[in-house]
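Topology and contacts: notes
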Amino acid sequence: MKFSLKLPPIVSPRRLREAGVLGMNQRNHAYIMRYNRRADYPDVDDKLRTKELAIRYNVSTAGLIGSISYQYQVRGFRQLVENVPDFVIKPGHGSGGRGILVFTRHDGVNFYKPNGTVCDYGLIYEHISNILSGLYSLGGQVDYALFERCIDFSDVYSRFSYQGVPDVRLIVFRGYPVMAMIRLATKESDGRANLHQGAVGVGLSIRDGHPLFAAQHNRAITHHPDTGAAFSELHVPHWEEHLNLAARCAEMTPLGYFGADIATDRQRGPLLLELNARPGLAIQIANGHGLLARLRLVESLPAGAHPTCAEKIAFARENFA
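None of these values were measured; they are calculated from a predicted model.

When helices and strands are tallied, the protein shows 11 helices and 14 strands. Each of the three principal axes of the protein carries a C-alpha extent, and together these read 60 × 45 × 35 Å. Relative to all contacts within the protein whose residues are 6 or more apart in sequence, the contacts with residues 24 or more apart total 65%. When the accessible surface of the protein is split by element, carbon and sulfur atoms take 50% of a total near 15,300 Å². Computed over 36 positive and 30 negative side-chain charges, the separation of the two mean positions in the protein equals 7 Å.

Here it is in structure tokens:
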């Protein structure tokens, strides 16, 4: 497959519209507000609720350990994790990866981060307390701490990411996967797969997951800035499972427009990390292609045109290659 890197350096608003690029106002008004009821936002904004929905609908995700909602429960967090070798602590209503702590091993006294840093009881107690106070939550609301098992991330992307863990973002509209990218960490992004902090976004073909385009800070890029690996050589394994996982998420929530973030576990394959009811628009830059034509094509379909996930995926692969 040809790896295209052709974008004009300066693009006017008119040319963006002609190219079918979806803008923020149009996204908010025509898609998020129209297809996502406010009452359904907790399906994705509340991580425990998302986790429970995924389990109920047999959508593969990291194992649930438990949660802490009240300050008096914090001192007992060691009992919560005493029988699991590794775990992640997340704010239940957090965003952007803030407030997440990962521990790959522990002995009940010392807790070890992936980079080998040791944390003691006091540090974790303070961190959980900060989560409960709303330090990392959306809007500063009172929060809870979610505990789940670590994902044993596959090393299939080791050449293409600097220390951090890559994830695949799929935009799903009315059950159809319409656009995809993989986010790759860099030294500049401090090992985080966050495009705004300097991570690289690589657009992926909906048909087979092959790379189409890559960008960092809205500029075309052909090789990883730290590892030197050519993005044209990137391969996303289990692509059929990625598409199926994302499409099935539309069965567990009434939301019509959302982003599904998926990571690859060494043993279990693709696992759902989280859903986002307000997915960003940088995926268009990563693909070198606008979303609008794809969304309008799906809108033009009669109700029930493709009643199953398999049919929706087949349509997407045929039309959004």
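Attention shifts here to the packing of helix α8 (residues 239-252) against helix α11 (residues 309-319). In contact at an axis separation of 10 Å, α8 and α11 are set at 125° when each is read in the N-to-C sense. Compared by their axis directions, α8 and α11 come out oblique. In this structure, α8 crosses over α11, and the sense of that crossing is right-handed. Facing Trp239, Glu240, Leu243, Asn244, Ala247, Arg248 and Glu251 of α8, the residues of α11 in contact are Cys309, Ile313 and Arg317.

Sheet architecture is open: four strands sit in the order β1-β7-β2-β3, paired in antiparallel fashion. A strand with exactly one partner marks an edge of an open sheet, and here the two such strands are β1 (64-68) and β3 (101-103). Direction aside, the axes of adjacent strands within the sheet are offset by 15° on average. Sheet topology places strand β2 (residues 87-91) next to β3; three bridges connect them, and they run antiparallel. For Phe87, the partnering residue across the bridge sits in β3 and is Phe103. Where helix α4 (residues 47-56) meets the sheet, it contacts β1, β2 and β7 (145-148), and its direction lies at approximately 150° from that of β1. Contacting β1, β2, β3 and β7, helix α7 (residues 121-133) runs over the sheet at an angle of about 35° to β2.

Overall, the coordinates contain 15 salt bridges when judged by the stated rule. For the salt bridge of Asp152 with Arg266, the shortest nitrogen-to-oxygen distance reads 3.4 Å. Separated by 114 residues along the polypeptide, Asp152 in the loop between β7 and β8 (167-173) and Arg266 in the loop between β13 (257-265) and β14 (269-276) bring together distant segments of the chain. Taking relative accessible area as the criterion, Asp152 reaches 36% and is therefore assigned partly exposed. Taking the shortest distance from any N to any O, the salt bridge between Asp155 and Arg266 comes out at 3.8 Å. You can see Asp155 sitting in the loop between β7 and β8 and its partner Arg266 sitting in the loop between β13 and β14, a full 111 residues away along the chain. Taking relative accessible area as the criterion, Arg266 reaches 41% and is therefore assigned partly exposed. One salt-bridge network, in which partners are shared between bridges, spans Asp167, Arg169, Arg183 and Asp261.

This brings us to the sheet that holds strand β12 (residues 219-220). Taken together, seven strands build an open sheet; the order of strands is β12-β11-β10-β9-β8-β13-β14 and the sheet is antiparallel. Edge positions in the sheet fall to β12 and β14, since each of these pairs with one other strand and no more. Bridge count for β13 against β14 is seven bridges, and the pairing is antiparallel. Its bridge partner being in β14, Gly259 is matched across the sheet by Asn276.

Here we come to unusual backbone geometry. Even without glycine at this site, His217 takes up a positive phi of about 55°. Tracing the sequence through the fold places His217 in the loop between β11 (211-216) and β12. Residue His238 is not a glycine yet carries a positive backbone phi of 55°. As for its position among the elements, His238 is in the loop between β12 and α8. The class for His238 is partly exposed, based on a relative accessible area of 39%.

Following the sequence through the fold, Ala215 ends up in strand β11. Expressed as a C-alpha distance, the spacing of Ala215 and Gly198, which sit 17 residues apart in the sequence, is 9.8 Å. Among residues more than four places away in sequence, those in contact with Ala215 are Ala199, Val200, Gly201, Ala220, Ile221 and Ile285.

What follows covers the pairing of strand β10 (residues 200-204). For a regular strand, side-chain orientation follows a simple rule: the groups alternate between the two sheet faces. Burial analysis of β10 places five of its five residues in the buried class, the great majority of the element. A two-sided burial pattern is seen for β10, the buried positions comprising Val200, Val202 and Leu204 on one face and Gly201 and Gly203 on the other. Strand direction decides the pairing type here: β10 and β11, joined by four bridges, are antiparallel. By the bridge assignment, Gly201 is partnered in β11 with Ala215. From the end of β10 to the start of β11, which pair antiparallel, there are six residues, and Gly209 there has a positive phi angle of about 80°.

Let us now look at the confidence of the model for the protein. A residue-level look at the protein finds 96% of positions with pLDDT of 70 or above and a mean pLDDT of 92. The model gives residues 4-8 a pLDDT under 50, and that stretch makes 10 contacts with residues more than four places away or in other chains.

What counts, and where the lines are drawn
Sequence order sets the numbering: in each chain, residues are counted from 1 along the sequence as written. Totals for whole chains, interfaces and linings use all residues, but because this is a predicted model, local features are given only for residues with pLDDT of at least 70 and pairs of side-chain atoms are given and counted only at 80 or more. With hydrogens and water excluded, all non-hydrogen atoms of the structure serve as input to the side-chain values. Only DSSP runs of H or I with at least four residues qualify as helices, and only runs of E with at least two residues qualify as strands; both kinds are numbered from the N terminus onward. Whether two residues touch is decided by their heavy atoms; if any such pair falls within 4.5 Å, the residues are in contact. Accessible surface area values rest on a Shrake-Rupley calculation with a 1.4 Å probe, where residue burial reflects the displayed protein chains alone. Charged residues are defined here as Lys and Arg on the positive side and Asp and Glu on the negative side; His and the ends of the chain fall outside this count. Taken as the charge centre is NZ of Lys, CZ of Arg, CG of Asp or CD of Glu, depending on the residue. For every element, the axis is a line fit to its C-alpha atoms; helices are fit only across the contacting stretch, and the angle between N-to-C directions ranges from 0 to 180 degrees. An angle counts as roughly parallel when it lies under 35 degrees, as roughly antiparallel when it exceeds 145, as roughly perpendicular when it falls between 65 and 115, and as oblique in every other case. The handedness criterion is simple: a crossing whose near helix is rotated anticlockwise from the far helix by less than a right angle is left-handed, and one whose near helix is rotated clockwise is right-handed. Paired strands, as defined in this entry, are two strands with at least two bridges between them according to DSSP. Salt bridges are defined by distance alone: a side-chain nitrogen of Lys or Arg within 4 Å of a carboxyl oxygen of Asp or Glu. Residue exposure (1.4 Å probe, protein chains only): buried if accessible area is under 20% of the type maximum, exposed if over 50%, otherwise partly exposed. Confidence scores labelled pLDDT are given residue by residue by the predictor and lie between 0 and 100.

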